[in-house]
Amino acid sequence: GNSTFESIYFETPMIVIPRIIEQHYFALKVQELGIGKYLPPEDVTSDSLRCAVCEILDNKIYQQRVKEIRNTLPSFPAEIARDYIIKTHVMEKAL
């Protein structure tokens, strides 16, 4: 969750390769929200990673979507903004 928040906060699209169970959920949400790519660990190769990086860099929609979500954040403190993202863009979408 924290890495996802930091990427949104700094308007950086993500390539998520989950390593533990909870990261799979966030990886799927990142892809669903259009702010990054989800690569299942078993599918990661140098080619699949290169393709994901190229897609993130070439397709400006990822940057646009992460900026849109970032712009919904309250100002400071960062902890409040993080909690807002989790509640608004992650948990509510799961229900």
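For the structure itself, consult the block above.
Residues numbered from 1 in each chain as written. Predicted model: local features only at pLDDT ≥ 70, side-chain atom pairs only at ≥ 80, totals over all residues. Heavy atoms only, no water.

Caption draft 1: Region of interest: helix α1 (residues 2-9). Turning to α1, its buried residues number three or more, namely Thr4, Phe5, Ser7, Ile8 and Tyr9. Within two residues after α1, Glu11 carries a phi angle of roughly 55 degrees, on the positive side. (Buried < 20%, exposed > 50% of the residue type's maximum accessible area, 1.4 Å probe, protein only. Helix = DSSP H or I, 4+ residues; strand = E, 2+ residues; numbered from the N terminus.)

Caption draft 2: How the structure looks around helix α3 (residues 46-58). In this model α3 runs 18 Å from its N-terminal to its C-terminal C-alpha over 13 residues, within 8% of the 18 Å that 1.5 Å per residue would give. All of the buried residues along α3 are Ser48, Ala52 and Ile56. Projected down its long axis, α3 shows its buried positions confined to an angular sector of 70 degrees, all on one face. Every exposed residue of α3 that faces more than 90 degrees away from the buried side is listed here: Ser46, Cys51, Leu57 and Asp58. Structurally, α3 contributes buried residues whose contacts are with β1 (14-16), β2 (36-38) and α4 (61-70). (Expected span 1.5 Å × (residues − 1). Arc of directions from axis to C-beta. Contact = heavy atoms within 4.5 Å.)

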